[in-house]
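# Summary of structural features
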Amino acid sequence: MQERVSLLSRFLVGVALTITSLSGCSVKEDRDACPCILFLHFPEGGKEWEKLVVFLNGDQFSVRDTVDLRQLDPKGYRRMVPRGQVHLLAAAPLGTAFSPIGRLPIPEGKDCPPVYMDARTLDTRSSVVRDTVHLYKNHCRLTMEFSYLDPIGFEQLEMSVTGGVDGYDERGQMTEGRFRYPLHPDEQGRCQVFLPRQMDESLALVMEKDGIVCQTFAIGEFMKEVGYDWSSPSLKDCRMSIDVAITSMVVEIGGWKKTYSYKFAI
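How each quantity is defined
Residues numbered from 1 in each chain as written. Predicted model: local features only at pLDDT ≥ 70, side-chain atom pairs only at ≥ 80, totals over all residues. Heavy atoms only, no water. pLDDT = per-residue confidence, 0-100. Contact = heavy atoms within 4.5 Å. 1 Å grid on protein atoms, 1.4 Å probe; cavity = no way out; pocket = protein on both sides within 12 Å on 5 of 7 lines; lining within 4 Å. Points joined across faces, edges and corners; volume = space filled by probe spheres on them. Helix = DSSP H or I, 4+ residues; strand = E, 2+ residues; numbered from the N terminus. Nonpolar A, V, L, I, M, F, W, Y, C, P; charged D, E, K, R; others polar. Salt bridge = Lys/Arg side-chain N within 4 Å of Asp/Glu carboxyl O. Pairing = 2+ DSSP bridges. Axes fitted to C-alpha atoms, helices over the stretch in contact; angles between N-to-C directions. Buried < 20%, exposed > 50% of the residue type's maximum accessible area, 1.4 Å probe, protein only. Polar contact = N/O pair within 3.5 Å; in protein donor to acceptor, adjacent residues only side chain to side chain.

Looking at the chain as a whole, the pLDDT averages 84, with 82% of positions reaching at least 70. Segment residues 7-23: pLDDT under 50, and three contacts once partners within four positions in sequence are set aside and those in other chains are kept.

Here is the structure:
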């Protein structure tokens, strides 16, 4: 009888040890050192994008996953992450040129990709964490419509939009650097530039001839005048109408209109 009890005790101990090992931590280990199971849910799943990319970065931890929203498990995206804090960056569309850890540089001469992002720091001190991902519009499509009241000489000008933000880092924060995108208006005088989120009002329209700056216009200030909010979760698009003459320029944005006088040397 004692032998049967001993065998039963050994069996129960073995089962307990097996369950403990499957959970990833033994009862003697510090539970804070055990991983956290992270579940991410995407309520817009498949409606706006079929796929997106998820970056998770922490202390000596970095993961990049492509998530197919059409085939996502009903429980959501699942990943084992370290306890403590993990930086989440989820982004779409899939073809956006992110670095392996989630940085998005904007090379000079290019504008911002039409990117949507959710970037946050997650508290992963619990054994299981569930969170919901919402992607926000992190670009502004600025449409500029030029009308030359004195066309002579303006056809020789080179125009560009410059600024002080050249991309986003792995936490979705703006990176400081030179932004420059050349403008090429069509026959109707219309052109577009996709802008990243801005730190200040330093955006400028620069007009040059033969490499010499003829005039600079503070379009960042223009946008501020109409109440454009760069801190909004989702950035709005903006349309700017510019009537250019030798001595003045009329800027109109959403009903706001202002005339700027200057001396233009072409």
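Let us keep going from here.
Roughly 240 Å³ of internal volume is contained in the largest pocket. Along its surface, the largest pocket is lined by 13 residues, and Ala 119, Asn 138, Gly 172, Gln 173 and Arg 197 are the ones closest to its centre. Examining the composition of the lining of the largest pocket, we find that four residues originate from one element, strand S7 (residues 116-123), more than from any other. Grouping the constituent residues of the lining of the largest pocket by class yields six nonpolar, three polar and four charged. In this structure, the second largest pocket encloses a volume near 180 Å³. Taken together, 13 residues form the lining of the second largest pocket, with Val 226, Gly 227, Tyr 228, Asp 229 and Lys 236 sitting closest to its centre. Class assignment of the residues belonging to the lining of the second largest pocket gives a composition of six nonpolar, four polar and three charged.

Now for the pattern of salt bridges. Under the counting rule described, the total for this entry stands at 13 salt bridges. In this structure, a network of salt bridges that share partners links the residues Glu 50, Asp 68 and Arg 70.

Spatially, the three strands line up as an open sheet ordered S4-S1-S8, and their pairing is mixed. Each end of this open sheet is capped by a strand with a single partner; those strands are strand S4 (77-81) and strand S8 (128-132). Geometrically, the sheet is characterised by an average inter-axis angle of 20 degrees between neighbouring strands, direction not taken into account. Looking at chain direction, strand S1 (residues 36-41) and S8 are connected through five bridges and run parallel. Paired with His 41 across the strands is Thr 132, a residue of S8.

So, on to empty space enclosed by the protein. Counted according to the given criterion, the structure contains one cavity of 30 Å³ or more. Taken as a whole, the largest cavity spans an internal volume of roughly 50 Å³. Lining the largest cavity are Phe 42, Glu 44, Trp 49, Leu 52, Leu 69, Val 133 and Leu 135. When the residues that make up the lining of the largest cavity are grouped by side-chain class, the tally is six nonpolar, no polar and one charged.

Topologically, Ser 231 is positioned in the loop between helix H2 (219-225) and strand S16 (238-244). The exposed category is assigned to Ser 231, whose relative accessible area is 60%. For Ser 231 and Met 199, which are 32 residues apart along the polypeptide, the C-alpha to C-alpha distance reads 8.9 Å. Looking at Ser 231, its side chain comes within polar contact range of the side chain of Asp 229, at 2.5 Å.

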